[in-house]
Amino acid sequence: MAPAASSGATAPQPSRAEAAALFGQALRELQAQKTDAALKDFETFLARYPSDPQAVEARFWAGTAALQLKQYDKARQHFARVVFDHPGHELVPDAMLGLANALQGLGDRKEANDMLNRLVERYPNTPAGKIARERLGR
C-alpha cells in the first residue's frame, strides 16, 4: 500500500513567469501609490525568489516603498543589502542615497552623512551622486 500524501509537502517551485508576474504587480502597485501592497508583494517576491534575476531590483523597490511608508529600519535593511551584497549593480548609487535617507529618518545623521560622502566619492557623476553633493553642501 502506498503511503498517503503528506499535507506538509513542499510546493513545487513557482516558474520564472510567476516571479515576473509578481514583480510586475508590485511595481505597478508602487507606481499607483499603493505603497503598502507594493512593499508586501516585493517582500513576498524576495521570500519566494531570492535568487531571481530581478531580486536586486525587488530589494531596491522594497526599500523605496518602505522609505515612503517611513518604515526607516526596513528601508535601511533593503537598501543596505543592495549596496553591500551587490556592489557592482547599477542601482547601487540610488540605493546608497536611499540608505542615507533611511539613516536620516532613523535619526543617525552621522551615518547618513558618511553614506552621502561615500556616494559622492564613488559615483560623483551619477544623478544620485549629484543629489548627495548638494545635500552635503559641496
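Note that the structure is predicted; figures quoted are calculated from it, not measured.

Student: Just checking my understanding: could you explain unusual backbone geometry for this structure?
Tutor: Residues apart from glycine generally show negative phi values, whereas peptide bonds are mostly found in trans. Within the chain, Gln33 stands out as a residue other than glycine whose phi angle is a positive 65°. Locating Gln33 in the fold gives a position in the loop between α1 (16–31) and α2 (35–48).

Student: I would appreciate a short explanation of the side chain of His78 in the present structure.
Tutor: Here His78 shows up in helix α4 (residues 72–85). Here Arg59 takes part through its side chain, which lies 3.0 Å from a polar atom of the side chain of His78. What His78 contacts, discounting residues up to four positions off in sequence, is Glu43, Leu46, Arg59, Ala62 and Gly63.

Student: How should I be thinking about the pattern of salt bridges in this particular structure?
Tutor: Should their charged atoms come close, side chains of opposite charge can pair. Under the defined criterion, the tally for this structure stands at five salt bridges. When the shortest N-O distance is used, the salt bridge between Lys74 and Glu43 registers 3.4 Å. Here Lys74 is found in helix α4, whereas its partner Glu43 is found in helix α2, with 31 residues between them in sequence. Here Asp73 and Arg76 are joined by a salt bridge, their closest N and O atoms 2.8 Å apart. Taken together, the positions of Asp73 and Arg76, both in helix α4 and three residues apart, correspond to about one turn of that helix. With relative accessibility at 28%, the residue Arg76 sits in the partly exposed group.

Student: I would appreciate a short explanation of the environment of Leu91 in the present structure.
Tutor: One can find Leu91 in the loop between α4 and α5 (92–105). If we skip the residues at most four places from it in the chain, Leu91 touches Glu57, Phe60 and Val82.

Student: Is there a simple way to think about the packing of helix α6 (residues 109–122) against helix α7 (residues 127–136) in this case?
Tutor: Helix-helix packing is described using two parameters, namely the angle between the two axes and the distance between the axes. Running from amino to carboxyl end, α6 crosses α7 at an angle of 130°, the nearest separation of the two axes being 8 Å. It follows that α6 is oblique to α7 by the angle criterion. At the point where α6 passes α7, the crossing takes the left-handed sense. Contacts from Asn113, Leu116, Asn117, Leu119 and Val120 of α6 reach α7 at Ala128, Gly129, Ala132, Arg133, Arg135 and Leu136. Of the residues belonging to the contact of α6 with α7, the class tally is six nonpolar, three polar and two charged.

Student: So what exactly am I meant to see when it comes to the side chain of Asp52 here?
Tutor: Tracing the backbone through its elements, the reader meets Asp52 in the loop between α2 and α3 (55–68). In this structure Asp52 comes out as buried when scored by relative accessible area, which is 12%. For Asp52, the residues in contact, after removing those within four places along its chain, are Arg16, Ala19 and Phe45.

Student: Teacher, can you tell me more about α6 here?
Tutor: In an α-helix there are 3.6 residues to a turn, and that puts residues three or four apart on one side. The first and last C-alpha atoms of α6 sit 20 Å apart over 14 residues, in line with the 20 Å expected at 1.5 Å per residue. Listing the buried residues of α6 in full gives Ala112, Met115, Leu116, Leu119 and Val120. Projected down its long axis, α6 carries its buried residues within an arc of 135°, all on one side. Exposed residues lying more than 90 degrees from the buried face of α6 are Lys110, Glu121 and Arg122. On its buried side, α6 packs onto α4, α5 and α7.

What counts as what
- Residues numbered from 1 in each chain as written.
- Predicted model: local features only at pLDDT ≥ 70, side-chain atom pairs only at ≥ 80, totals over all residues.
- Heavy atoms only, no water.
- Helix = DSSP H or I, 4+ residues; strand = E, 2+ residues; numbered from the N terminus.
- Polar contact = N/O pair within 3.5 Å; in protein donor to acceptor, adjacent residues only side chain to side chain.
- Contact = heavy atoms within 4.5 Å.
- Salt bridge = Lys/Arg side-chain N within 4 Å of Asp/Glu carboxyl O.
- Buried < 20%, exposed > 50% of the residue type's maximum accessible area, 1.4 Å probe, protein only.
- Axes fitted to C-alpha atoms, helices over the stretch in contact; angles between N-to-C directions.
- Parallel < 35°, antiparallel > 145°, perpendicular 65-115°, else oblique.
- Left-handed = near helix turned anticlockwise from the far one by under 90°.
- Nonpolar A, V, L, I, M, F, W, Y, C, P; charged D, E, K, R; others polar.
- Expected span 1.5 Å × (residues − 1).
- Arc of directions from axis to C-beta.

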